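Structure at a glance
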There are 2 protein chains.
Amino acid sequence: MPLDDRPVLVGGPVLVVGAGLIGASVGMALTRAGVPTHICDVDPDIAHVAAVRGAGSDLPLDGQPGLVVVATPPDHLADAVARALQDFPAAVVTDVGSVKGAPLAGLEARRVPLARYVGGHPMAGSERSGPFASSADLFDGRTWAVVGRADCDPGAVRCVEDLARVCGANVVRMTTDEHDLAVARVSHLPHLMAALTAGQLAAAPPEHLALSGQGVRDVTRIAAGDPALWQQIIVANAEALTGLLTG
Amino acid sequence: MPLDDRPVLVGGPVLVVGAGLIGASVGMALTRAGVPTHICDVDPDIAHVAAVRGAGSDLPLDGQPGLVVVATPPDHLADAVARALQDFPAAVVTDVGSVKGAPLAGLEARRVPLARYVGGHPMAGSERSGPFASSADLFDGRTWAVVGRADCDPGAVRCVEDLARVCGANVVRMTTDEHDLAVARVSHLPHLMAALTAGQLAAAPPEHLALSGQGVRDVTRIAAGDPALWQQIIVANAEALTGLLTG
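These figures come from a predicted structure and were not determined experimentally.

**What about the overall build of chain A?**
Along its length, chain A carries ten helices and seven strands. Whereas a compact globule of 247 residues would reach a radius of gyration of roughly 18 Å, chain A reaches 19 Å, a difference of no more than 12%. Across its three principal axes, chain A shows a C-alpha extent of roughly 60 × 40 × 35 Å. Counted over contacts in chain A with a minimum sequence separation of 6, partners at least 24 positions apart contribute 72%. With an accessible surface of roughly 10,900 Å², chain A has 56% of that area assigned to carbon and sulfur atoms. Taking the 17 positively charged and 26 negatively charged side chains of chain A as two groups, their mean positions are separated by 3 Å.

This is the structure:
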């Protein structure tokens, strides 16, 4: 890429908050692109694993980040985004959460000014979790939903779009409601179906499972994902999901 | 394999009735093993495609088969098995149908002597159908359920077990009811779930589908199977399926 087209990511290093599969993979993709990156986690050992795998430095940030990427579990998202907006008053703040409406409502309830917050959601993941499963190419060629709002700073939206592109992804812009309905359809409902199908198999005697083929493996693979994480996702997007299930 | 252990398949060539994905693949696997095989179909063009692909000869059988493998759609299974038992009074007759109870009830209603009929079900397939999708190695390493009954000739059961092994599969013996409950769990219910999930996607606008990832592809792949075939399977195994869905 010519130097002039190189994305700026606002200026200053990127801070990734949360060193699980997605956070560590964002750190690795940014590091691969030569972007100075720091990564932290409530568990410093997890942050250290991510740092050793190439997701950035786990040393405390010296100065101000230009961009903060919040990659915590859904239930902690609103708190972590609000804290980042307060702690780093010049930074753009984004997240990688699977649901956009519920955390936004949580932020609005906290009465935090939100012009510097732009939601994001890379459509990539794995049934495995944690920094050991992370990869610098997790987002290559994938879609990254950038969920701006009328009250967003346009420069903040461009910054988050740059982040997605630097990580190798293709940007799709959506509204909050559009995003949550779309992922209910293409991700959360399929996951629920896979979990229900796998649940039926859990009760089966071993001689029945001897008849299993590739079909049931395909249908149930994603049911192996972290149940605690998926419970938070399903609850956070309950409204859109209920609409699909009853509509 | 030493000559003495070579399976006999009762003696005489094998006749495969029905040249779709499974019938043509059985013909190809038998031909690969050097077993003289004939294949026929209500549509002679389909039988000819299978023959050209190596599934045996589509010329009329000169003499009596030792074994008849019925590979018709489920709704025609009882008729085709009954006809084979009548037309070839010395042959063992098996089938490759996905459900065992309903066709057996159909045969009992026809008051045909059933000692020479042993049900079979190779656990292999594809979301593609027809002889163009067939393969000599479709059954290699897969499970082949052999569903004998108390009224079966023991030699007929051994013959069908030989068929499964010659085709590269591992034999699992089951009763009719056991088989139908097992496949309801590991195959028919997962297919229903995949079809319902895919149905939700059919109504989605294209911009929602842009967020699709590998998960939804996995969960919905088998929903691409022939809907007419699957409708027959689901209806034929409705009792076991209903038990799982309401239990």
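**Topic: the sheet that holds strand E5 (residues 117-122) of chain B**
The strands making up a sheet are joined through hydrogen bonds of the backbone, oriented either antiparallel or parallel. All names here are of chain B. Pairing is mixed in the open sheet, where seven strands are placed in the order E2-E1-E3-E4-E5-E6-E7. Among the strands making up the open sheet, the edge pair consists of strand E2 (37-40) and strand E7 (170-173). Shown here is a sheet whose adjacent strand axes are inclined to one another by a mean of 25°, direction ignored. Sheet topology places strand E3 (residues 67-70) next to strand E4 (residues 92-95); four bridges connect them, and they run parallel. What sits directly across from Val69, in E4, is Thr94. Running at roughly 165° to E4, helix H3 (residues 77-87) makes contact with E3, E4 and E5 of the sheet.

**Considering the pattern of salt bridges**
Between side chains of opposite charge, a pair can form as their charged atoms come close. Under the definition given, this model contains 16 salt bridges over all chains. Across the pair Arg173 of chain A and Glu161 of chain A runs a salt bridge whose closest N-O atoms are separated by 2.6 Å. Linking Arg173 of chain A in strand E7 (residues 170-173) with Glu161 of chain A in helix H5 (residues 154-166), this pair joins segments that are twelve residues apart in sequence. A salt bridge links Asp140 of chain B to Arg32 of chain B; the shortest N-O distance between them is 2.8 Å.

**With respect to helix H3 (residues 77-87) of chain A**
The complete set of buried residues in H3 of chain A reads Leu77, Ala78, Ala80, Val81, Ala82, Ala84 and Leu85 of chain A. Contacts from the buried residues of H3 of chain A go to strand E3 (67-70), strand E4 (92-95), helix H4 (101-109) and strand E5 (117-122) of chain A.

**What about the nonpolar core?**
If you look at the biggest cluster of nonpolar residues, it comprises 38 residues, and the most contacted ones within it are Val26, Leu30, Phe139, Trp144 and Leu163 of chain B. Looking at this core, the elements that each hand over two or more residues are strand E1 (14-17), helix H1 (21-32), E3, strand E6 (143-147) and helix H5 (154-166) of chain B. Residues Val16, Ala29, Ile39 and Val157 of chain A belong to the second largest nonpolar core, which totals 37 residues.

**Regarding the relation of the copies chain A and chain B**
Rotating chain A by 180° and moving it 0.0 Å along the rotation axis overlays it on chain B with an RMSD of 0.1 Å. Both chain copies can therefore be described as sitting about a two-fold axis. Considering only C-alpha atoms, the part of chain A nearest the rotation axis is Val219 of chain A, at 2.1 Å. When you check the interface residues of chain A against chain B, 100% turn up at the interface there too, and the contact is symmetric in its surfaces.

**A look at the sheet that holds E5 of chain A**
Residue and element names in this part refer to chain A. Taken together, seven strands build an open sheet; the order of strands is E2-E1-E3-E4-E5-E6-E7 and the sheet is mixed. Looking along the sheet, the strands with just one partner apiece sit at the ends: strand E2 (37-40) and E7. The average angle at which neighbouring strand axes cross in this sheet is 25°, direction not considered. Of the strand pairs in this sheet, E4 and E5 are connected by two bridges, and their pairing is parallel. Opposite Val93, over in E5, you have Tyr117 as the bridge partner.

**Comments concerning the packing of aromatic side chains**
Residue and element names in this part refer to chain A. A full pass over the atoms with the stated rule returns two aromatic pairs over all chains. Pairing Phe139 with Trp144 gives two aromatic rings, centres 5.2 Å apart and planes at 50°, and the pair type is tilted. Grouping residues by exposure puts Phe139 and Trp144 together as buried.

**Some remarks on the pairing of E4 of chain A**
Burial along E4 of chain A is two-sided: Val92 and Thr94 of chain A facing one way and Val93 and Asp95 of chain A facing the other are all buried. Read as a crossover between parallel neighbours, the route from E4 of chain A over H4 of chain A to E5 of chain A is right-handed.

**Notes on the pairing of strand E6 (residues 143-147) of chain A**
All names here are of chain A. Within E6, five of the five residues are buried, which leaves it mostly tucked inside the rest of the structure. Side chains Thr143, Ala145 and Val147 of E6 all project onto a buried face; the interleaved residues Trp144 and Val146 project onto the opposite face, where all are buried too. Two strands pair when backbone bridges link them, and E5 and E6 are joined in this way by four bridges, in the antiparallel orientation. The residue of E6 that forms the bridge with Pro122 is Trp144. What joins E6 to E7 is H5, and the crossover it makes is right-handed.

**Re the interface of chain A and chain B**
On the side of chain B, 38 residues touch chain A, which itself brings 38 residues to the contact. Both sides together, the interface formed by chain A and chain B hides about 3,200 Å², and carbon and sulfur atoms give 66% of it. At the junction of chain A and chain B, the tally comes to zero salt bridges. One can count six residue pairs in polar contact (both at pLDDT 80 or more) joining chain A with chain B. When contributions to the side of chain A that touches chain B are tallied by element, the ones reaching two or more residues are E6, helix H6 (176-202), helix H7 (206-209) and helix H8 (214-220) of chain A. In terms of residue count, the dominant contributor to the side of chain A that touches chain B is H6 of chain A (15 residues). Here the side of chain A that touches chain B is built from residues that sort into 24 nonpolar, eight polar and six charged.

Cut-offs and rules
Residues numbered from 1 in each chain as written. Chains lettered and ligands numbered in written order. Predicted model: local features only at pLDDT ≥ 70, side-chain atom pairs only at ≥ 80, totals over all residues. Heavy atoms only, no water. Helix = DSSP H or I, 4+ residues; strand = E, 2+ residues; numbered from the N terminus. Rg over C-alpha atoms; globule rule 2.2 N^0.38 Å. Contact = heavy atoms within 4.5 Å. Areas by Shrake-Rupley, 256 points an atom, 1.4 Å probe, with all protein chains shown as cover. Lys, Arg positive; Asp, Glu negative; His and termini not counted. Charge placed at Lys NZ, Arg CZ, Asp CG, Glu CD. Pairing = 2+ DSSP bridges. Axes fitted to C-alpha atoms, helices over the stretch in contact; angles between N-to-C directions. Salt bridge = Lys/Arg side-chain N within 4 Å of Asp/Glu carboxyl O. Buried < 20%, exposed > 50% of the residue type's maximum accessible area, 1.4 Å probe, protein only. Core = buried A, V, L, I, M, F, W, Y, C linked by side-chain atoms within 4.5 Å. Least-squares fit on C-alpha atoms with pLDDT ≥ 70 in both. Phe/Tyr/Trp six-rings, centres within 6.5 Å; stacked < 30°, edge-to-face > 60°. Right-handed = clockwise from strand over helix to strand, strands pointing away. Buried area = accessible area lost by both parts, 1.4 Å probe. Polar contact = N/O pair within 3.5 Å; in protein donor to acceptor, adjacent residues only side chain to side chain. Nonpolar A, V, L, I, M, F, W, Y, C, P; charged D, E, K, R; others polar.

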